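# Results of the structural survey
Spelled out from the first residue to the last, the chains are:
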Amino acid sequence: MTGLLSRLTGRLFTPRWQHANPAIRSAATDQLDPEIPDQRKILETLILEDDALEVRHAALTRMQSPERLLPLLDRADGLVRERLIELLSGGQDAPSLLSREQLVERLDDSELLSAVASRGDNQQLRLTALSRLEDEEALIHQACHNTIAAVRHAAAARITSQAGLERLVRDAKRDRHVQRQARDTLAQRRADAQQADALAASRDNLLRQMEKLPRQAWEDSVPSRYRSLLREWERLPAADYEIQQRFEEARQQAHKVISDHEAREEAIRAHERLSANLNTHLEEILSAVDQAREDLYSRDCVNDHDFASLQAQRRLQGERWRELTDQFSAPAELLERQQRLQQQLQDALDAWHRHQLCQGELDAALVDNDIDQLRRLESEVAWPAGLPQTASLSAVRQAISAAQPEEPEEAAQEQDSLDGSPAQDAESADASRAADGKASLDLDALDAELARLEADLDAGKLKPASRLHRSLRDRTEGQLDNARQTRLRQLGARVAELRDWQNFVAAPKREQLLEAITTLSERDDISDEQRDRQHQQLIQQWRELGDAAASRDASQAFRTASDAIKLRLRDYRESRKQLREHNLAMREALCEQLESLNGHAMDDADPDSLRQIRDRAREEWRRHTPVPAGPGRQLSHRFGEALTALQGLIDSRAGQIAAAKQALVDAVEALANEDSPARARAEQAKALQSRWREMGRAPKGEEQRLWAAFRAACDRIFAARDQDREDRDSREQARLDQWQALIERLDSWEPETLEDAALLDDALKEADTLGPLPRGKRGDGMRRRWTGILKRREQRLDELHALQLREEWQQWRDLLEQHAVADASARNGDVQDVELPNTSAFDDNSRQANAARNQMRQALPSNCSAANERLAELRVHLAILFEAPLGSEDESRRLTVQVARINQQLGERMEREEELDEVLDALLANGPLDWDAWQTELPRFDALFNH
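Residues numbered from 1 in each chain as written. Predicted model: local features only at pLDDT ≥ 70, side-chain atom pairs only at ≥ 80, totals over all residues. Heavy atoms only, no water.

### Topic: the packing of helix α9 (residues 123-132) against helix α11 (residues 149-157)
Pairs of packed helices are described in terms of their axes, by the angle between the two and the distance that separates them. Relative to each other, α9 and α11 sit at 15 degrees, their axes nearing to 9 Å. As summarised for this structure, α9 and α11 are arranged roughly parallel, according to the angle between their axes. Both α9 and α11 take part in a crossing whose hand is right-handed. Along its contact with α9, which presents Gln123, Arg126, Leu127 and Leu130, the element α11 presents Ala150, Val151, Ala154 and Ala155. Class assignment of the residues belonging to the contact of α9 with α11 gives a composition of 6 nonpolar, 1 polar and 1 charged. (Axes fitted to C-alpha atoms, helices over the stretch in contact; angles between N-to-C directions. Helix = DSSP H or I, 4+ residues; strand = E, 2+ residues; numbered from the N terminus. Parallel < 35°, antiparallel > 145°, perpendicular 65-115°, else oblique. Left-handed = near helix turned anticlockwise from the far one by under 90°. Contact = heavy atoms within 4.5 Å. Nonpolar A, V, L, I, M, F, W, Y, C, P; charged D, E, K, R; others polar.)

### Digging into the nonpolar core
Across soluble globular proteins, nonpolar side chains have a tendency to be buried as a group. Of all hydrophobic cores here, the largest spans 35 residues; its most connected members are Trp809, Leu878 and Phe882. Elements with a contribution of two residues or more to this core: α34 (777-827), α36 (865-882), α38 (912-925) and α39 (931-945). By size, the runner-up hydrophobic cluster in this structure holds 34 residues, among which are Val302, Ala348, Ala351 and Val396. (Core = buried A, V, L, I, M, F, W, Y, C linked by side-chain atoms within 4.5 Å. Buried < 20%, exposed > 50% of the residue type's maximum accessible area, 1.4 Å probe, protein only.)

### Focus: the pattern of salt bridges
With the rule as written, the count across this model stands at 42 salt bridges. Here Arg397 and Glu378 are joined by a salt bridge, their closest N and O atoms 2.5 Å apart. Within this pair, whereas Arg397 is found in helix α20 (residues 391-402), its partner Glu378 is found in helix α19 (residues 371-381), the two being separated by 19 residues in sequence. Assessed through its relative accessible area of 30%, Arg397 is described here as partly exposed. (Salt bridge = Lys/Arg side-chain N within 4 Å of Asp/Glu carboxyl O.)

### Focus on the confidence of the model for the protein chain
In this model, the protein chain carries a mean pLDDT of 78, and residues with pLDDT of at least 70 account for 86%. Predicted confidence for residues 1-13 stays below pLDDT 50, and this span has 0 contacts to residues more than four positions away or in other chains. (pLDDT = per-residue confidence, 0-100.)

### A short note on the packing of helix α31 (residues 678-695) against helix α32 (residues 700-747)
Contact geometry for α31 and α32: axes closest at 9 Å, N-to-C directions at 155 degrees. One element, α31, and the other, α32, form an angle in the roughly antiparallel class. α32 is crossed by α31, and the crossing has left-handed handedness. From α31, Ala678, Arg679, Arg681, Ala682, Ala685, Lys686, Leu688, Gln689 and Trp692 reach across to α32, where they touch Glu703, Leu706, Trp707, Phe710, Cys714, Ile717, Phe718, Ala720, Arg721, Asp724 and Arg728. A class-by-class count of the residues in the contact of α31 with α32 yields 12 nonpolar, 1 polar and 7 charged.

### Concerning α20
Between the first and last C-alpha of α20 there are 16 Å, a value that for 12 residues agrees with the 16 Å anticipated at 1.5 Å per step. For α20, the set of buried residues is Ser392, Leu393, Val396, Ala399 and Ile400. Looking straight down α20, one finds its buried side chains confined to an arc of 125 degrees; they lie on one side. Facing away from the buried surface of α20 by more than 90 degrees, the exposed residues are Ala391, Gln398, Ser401 and Ala402. (Expected span 1.5 Å × (residues − 1). Arc of directions from axis to C-beta.)

The structure is reproduced here in structure tokens:
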């Protein structure tokens, strides 16, 4: 009894949601409020733990907030997920759209998001769920099977893998746009891959050629090939760092090879220019030295600064002379002149050095007025005649001159013995006057020869001075007056002094030359070229000494050393001889080629090519050096004539081209002044530019003038074309903006009724007024958007029209149903008229058809087969109008209806709406009908209007 009571008490006080009966638990959930935390926990417990499916379902029904179901998603079965999907997708008890979108934006569950994207009740909600999807498989499913086109397109746009795009092409049969977009993307990727492969192949080819360039044998085309490869590489897009680094290393190697070769070529050309202008450079050096000497000798008084400047100039020009003579042999005349100038400078500097050594004693003797000491110091200084004196020497000579009258008589007599006594002068004068009576002398010519003798002595020319002195002495012996005789005697003393001095100087010079040539014959550390050059210089210097300080032994020793050197240089000189002969042959062949070219040149030869031939011939001529002197001079004259003839041909052709280009300038200026369309004029200007490039170059100055005029006229034409293009682009831009405004206006408009079709017609008329969209990226995009908007709006109008047509059919259906019932009643004797409803669906023709139908019912025929057959034909007629399928049993009726339509429309083609109204009026006027036939055809009519 106690156990029973306990069980009854437990059942009585146990909550209903814990009742053993699932139906009671299900009903108990209606009393639980999810807004109360305790009751919400009870609902969650029932959802997660209750065994009965209906209880869990009832509890889920009470949970109308998706936020409260999300925590249960991982712990519950699929029922919770399905309820959550229903709530998020806008099913029963779903919250507001805004709250659902905000919740979807926080979801990460791919399956849940995919379900919302497929089943959501709003396009934006689906797009929001789609934006949270990351799984490509889910995106592919949405792109292929979603029912909203915008969602399909958005999903397809996020698929980027190759396999995903291929699946879209294969499976997206529902949306051709998605298929076409995926197919275009794949084609673009294939094209990009092919372009990348071609680009990589181009890079590899350029890299191999650039790496090969430094290793190949040198050709004249290597620099141009290098520049071409570099330009082609720069035109390509940037490569990977490793490839770019390899190309840069190869480029640097090639650039180094080219730079080294160009440096060598420039050195060779510089050497050749130096060789060709050797005499000029040597003359400049000698002129500079001579100018320094003249500057020194032209001064009234010299000082330390003058001699320091002279010594610096001598050292500078001496180094330049040595640099040139180390490379080339100087001509004998210039070498003699250089030695003479050096000797004169050395004399002046030696005197200055002696003056410096005696400077202190001179100053002391001047202070003490020690005349003897001054004379001794003057003789020690031995200041050269003609060289301006220093201030000290001037003071010394003034002191000596001042003391001259006080000198002893013996000294005066001694001086008279040197200069000639008055008695002797008188005797000489008498002898001269006597000689004038016997044989007259040309005193002016004699004075000129004396001046020339003095000049030779000043220049250090011993041999011509000796010859001239002997000649004068022999021709004028006893015939000169005292002054000229004294001058001749003094010049003779200078000749003797110069001879003694040269012998004094030549002795150590000969020893030096002998030692130098002996050392040269024994040296092994110099090349044959240097040995030959130095040998020639030593021989030249030995010869220039003449017979000064000459001896048989020294001459024999010098000759022996020279023969030894010649023996060592035999092979070298033989090779030099062969090289000269080879160069001579090459120069002769070059002359023959130029002469042949001059004799057979075409009248339309390109002057640029002729200029290249001329420049190349000059390079070849300079390259083939040295040559034998005699034949070489003849060939040089011949080569000069050939070049002159070639230059004349170049000038002639250049003149013809200048005339032709002047005609082009006139033509393009006339074209620039025309009023024809700018684009056509620009094309003609391009053709004239092509002709200009094909003509070659006019003479340099003329080419620049013509090109400036031609380019200015072309610039005017192209500026007009650009302005016209800008105006056209502005007009196109304005038209595109108008199109954009029209598209935006039509895109934001949605038809609500069939009367809105007028707005679409107005938009189409405006589009016709604007004209077609221009080709281009923006125009093509706007064209696709415009087409899509028109298609959607036309579909919407078709839907509205179909809806209106179904509504009108419902009115017609009711009216026809009433007539069929009236027809059936009339057979039973109850004849009634059917009134036409007063609605807009029926017009006057309908009223006439309705009246005719009522009259037919009053005269009811015994057989309704004709009306029944007419009913079937009208159904087939509607099927043809609606483009609906027909069965095989209606094929004969189809032919009948089509023939009738053709006959009816022979006069004027009927609009579809008018034809439909006539069919409906005919359907209303057709009767009376058999009830069974009407009931058979009525579903078919309904199906046609719902098609």
